[in-house]
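Listed here are the chains, written in short residue letters.
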There are 2 protein chains.
Amino acid sequence: MILLKSVLCGKEVSDVLIDGNLFKRIAPAGSFEVPGGTEILDAGGLAILPAFYNAHSHSAMVLFRGCADDLPLNRWLSEYIWPRERKLSPADVYAASRYAILEMIRSGTVFFADMYWHRAETIRAALEMGVRAAVGVTFSDGLSSDEEKNVLFLKEHALEYKGLVHLSVAAHSIYTVSAPLLVRAAALAEELNLPFQIHLSETAEEASKSLTPTNGKSPVAYLDSLNVLSPHTVAAHLLHVSDEDLCILKARGVTCVHNPCSNMKLANGTFQMRKMLANGIRVALGTDGAASNNNLDMREEMKFASLWAKAVSGDPELLPAEQVLEMATKNGAEAFSLNGGVIAEGKLADALLVSLDDSRLFPGDLVSNWVYAADSRAIDTVICDGKILMLHKKIPREEKIIEEFRRLLENK
Amino acid sequence: MILLKSVLCGKEVSDVLIDGNLFKRIAPAGSFEVPGGTEILDAGGLAILPAFYNAHSHSAMVLFRGCADDLPLNRWLSEYIWPRERKLSPADVYAASRYAILEMIRSGTVFFADMYWHRAETIRAALEMGVRAAVGVTFSDGLSSDEEKNVLFLKEHALEYKGLVHLSVAAHSIYTVSAPLLVRAAALAEELNLPFQIHLSETAEEASKSLTPTNGKSPVAYLDSLNVLSPHTVAAHLLHVSDEDLCILKARGVTCVHNPCSNMKLANGTFQMRKMLANGIRVALGTDGAASNNNLDMREEMKFASLWAKAVSGDPELLPAEQVLEMATKNGAEAFSLNGGVIAEGKLADALLVSLDDSRLFPGDLVSNWVYAADSRAIDTVICDGKILMLHKKIPREEKIIEEFRRLLENK
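J.: Would you take a moment to explain the overall build of chain A for this structure?
T.: Per the secondary structure count, chain A includes 15 helices and 16 strands. In terms of C-alpha radius of gyration, chain A reaches 21 Å, essentially the compact-globule figure of 22 Å for 412 residues. Referenced to the eigenvectors of the C-alpha coordinate spread, the extents of chain A come out at roughly 65 × 50 × 40 Å. Across the 412 residues in chain A, those meeting the buried criterion constitute 58%.

In structure tokens form, the structure reads like this:
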């Protein structure tokens, strides 16, 4: 057991007892007896906040950070990203995933949803680093041998990965995956009770149907006509949606993942935050890959989400700090059926401790300052699943992981 | 003299010699002899970048950080900010200015343009902390005794403050300052060769003329009809401008200061970046006050400026990293007639040194990573006017300044 002693929790200085991977007791400091043998972490001068759940990313794409800035999505993908991805080795993905996970821990993220190549390497990296992940097993057209291997892998391992790392079924998009394969992948997610990840309505081109075999339907209506959408669906982007699409998304219980930095940087379109919320759709936040962001910092993503929603709607009251923090934490956890994202008894013991000495956290309200004023420098300690991943700004083996990643790239 | 030894400058490991407050020599490492007695700073593993020039701020407003989030500008000003400002003491402004300057140094800013109350305290704070500032002497209606005092102060001190700190003439806006006073203030700026700062076309209300005595003119055309606009003018915001307004701004040589976080957070409107650039108007960047941002971090402001420009225009090629970095550095220096904002021989020795060990600065291009991927954690050392303000992340007297500011607020 671990006791976070005298930590600011909400408005109150509290003791927070972690038992195994859960918060067991949260109460005013000194108000309860601590069992013998409990490890004590003096958290005076620190405040506890929920750690981030990054609901859409391609972690190993840190490999391509900044390699193709200032381009539209179709050129970015076809001229820069896809040619490089064809040359990726498992060793590349392993080293890059570890490097990305370091960056996530430093910026307070303990869970990431991933869609990428060489999934076994991302799983290995996440398990070694002690973070949560939902790692997508990606279905693609034109790789029918992979299709059968994927199905087999999912059926064999879905139950095995039910701890820190679990699997998800992933399809890149409606314009790269055929209807029969979309149907098969979604059915598999249903059968195995796994999340189903997809990029959806990301660009005007995709939504204009010029690229896709949707029979004149919108991407959302097309997927619905295939019976693919369900509460398992975690769909990223959704920038080009009609009112009818929003009704479908709500009715099917789809989670929409907003990635403001990537969307703005690629100039893909505008997320309809007001309408999403008015329709009662669950919105989570993601960073997308570092090649289109260009970082994995969910704190920054919160500020972008809130300010962009206000700017686009003309309504400064839209998406206040508390609400966008929920999107970056609790909503991501819910989307992936995890009992976390909230600092409360009985919940997964995931948290970050921020230093109240950080000048940007004063004066004013902690949550407001966390969303609008701070940056990653304020994070002192990161806890995932009851284990301390970063203690007083130190992550074990950080230099070694950075060094190995650099050496890999320098030797290319 | 100071030598920055083996610092990455552009693509080359260089030695950078600072003589007094200027860069004297920048050349490949080891390629020139260093005069005896030169202080050597080993900058191996660091890269030099221009430090930030924050072209619009109200530094002491850190006092009100987060006190009124998620509100439109008119309610934000009239219900929350103005009532608090009426109670400000000189001691408040002094302590808050020092606290704000700490935050600026930590995030790489060495110059700020200020418009606020109790200017003498902001001047004192800037001089003590060793940063540059253009401190506005603010003209307002209904304070005619102040008006004469301001004129006298400017005439007496304009020449005195020509080093780190200089003065500027400031008028809050066309809706709070009458035409005769605007004319008098601008003429004084002309006469004394000082910058003239104003908030301009910030809200739709201001531009719709419902609030202002512009005789049916746009705010820009109104000021032009008063002959107020000139190359001395540094106008903040300019969100509601017509094509005709843009022609006027260009013709008069006005600098427009873009404050993306404040504009987006208050949902005041959309900056027309593409048109500003197409018209050849000088655009600088500012953070505005921490009460509407809610920080003073120019690195974050660059990312917001670039991504918002791309999102609004639908053009991902608009405002690439190099160009937005110029806005945050060189353009701000030019707007205030300072020979800085660029790392080059003969220029003011203002710079920041970033740690190349920072994981977010690898892989990829340094400037791209600085704008899109990093945060303030990457900043190792900050130099202003040839003096080191932050060395290896340490700022002298930081704890004391923070402590004094906290005590002041706790005793209120």
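J.: Explain the sheet that holds strand β9 (residues 165-171) of chain B here, please?
T.: Strands in a sheet are paired, the pairing made by backbone hydrogen bonds, and the direction either parallel or antiparallel. Residues and elements named next belong to chain B. Taken together, 8 strands build an open sheet; the order of strands is β6-β7-β8-β9-β10-β11-β12-β13 and the sheet is parallel. Of all strands in the sheet, those bounded by a partner on one side alone are β6 (52-57) and β13 (282-285). Here the average twist between neighbouring strands, direction ignored, is 25 degrees. In terms of strand pairing, strand β10 (residues 196-200) meets strand β11 (residues 233-237) through 5 bridges, oriented parallel. If you follow Q197 over to β11, its bridge partner there is V234. Relative to the sheet, helix α11 (residues 298-313) contacts β6, β7 (109-115), β12 (255-258) and β13, its axis offset from that of β13 by approximately 130 degrees.

J.: I keep staring at the sheet that holds strand β9 (residues 165-171) of chain A and nothing clicks. Help me out?
T.: Residue and element names in this part refer to chain A. Strand order in the open sheet made by the 8 strands is β6-β7-β8-β9-β10-β11-β12-β13, with parallel pairing throughout. Looking at which strands have only one partner, the edges of the open sheet turn out to be β6 (52-57) and β13 (282-285). Each neighbouring strand pair of the sheet contributes to a mean axis angle of 25 degrees, computed without reference to strand direction. Here β9 runs beside strand β10 (residues 196-200); their pairing, made up of 3 bridges, is parallel. What sits directly across from A170, in β10, is Q197.

J.: I would appreciate a short explanation of the confidence of the model for chain A in the present structure.
T.: It should be kept in mind that the predicted coordinates are not to be read in detail where pLDDT is low. Mean pLDDT over chain A: 95, with 98% of residues reaching 70 or higher. Here the predicted complex carries an ipTM of 0.97, next to a pTM of 0.98.

J.: Quick question: what am I supposed to make of the interface of chain A and chain B here?
T.: Accessible area lost when the parts come together is the quantity often used to give the size of an interface. Taken together, the contact between chain A and chain B spans 47 residues of the former and 47 residues of the latter. Elements with a contribution of two residues or more to the side of chain A that touches chain B: α2 (90-106), α9 (260-265), α11 (298-313), α14 (366-372) and α15 (398-410) of chain A. Per element, the largest residue contribution to the side of chain A that touches chain B is 5 residues, and it comes from α11(A). When its residues are assigned to classes, the side of chain A that touches chain B shows 23 nonpolar, 10 polar and 14 charged.

J.: Just to check I follow, could you spell out unusual backbone geometry for this structure?
T.: Excluding glycine, residues mostly have negative phi values, and the peptide bonds linking residues are mostly trans. In this chain, A:F362 is followed by A:P363 through a cis amide linkage whose omega measures -10 degrees. Positionally, A:P363 belongs in the loop between β14 (351-355) and α14. Here the residue pair B:N293 and B:N294 is connected by a cis peptide bond, since its omega of 15 degrees sits within 30 degrees of zero. Counting through the fold element by element, B:N294 comes out in the loop between β13 and α11. Even without glycine at this site, A:S201 takes up a positive phi of about 50 degrees.

Definitions and limits used
- Residues numbered from 1 in each chain as written.
- Chains lettered and ligands numbered in written order.
- Predicted model: local features only at pLDDT ≥ 70, side-chain atom pairs only at ≥ 80, totals over all residues.
- Helix = DSSP H or I, 4+ residues; strand = E, 2+ residues; numbered from the N terminus.
- Rg over C-alpha atoms; globule rule 2.2 N^0.38 Å.
- Buried ≥ 20, exposed ≤ 12 C-beta atoms within 10 Å, placed from the backbone.
- Pairing = 2+ DSSP bridges.
- Axes fitted to C-alpha atoms, helices over the stretch in contact; angles between N-to-C directions.
- Contact = placed C-beta atoms within 7 Å.
- pLDDT = per-residue confidence, 0-100.
- Nonpolar A, V, L, I, M, F, W, Y, C, P; charged D, E, K, R; others polar.

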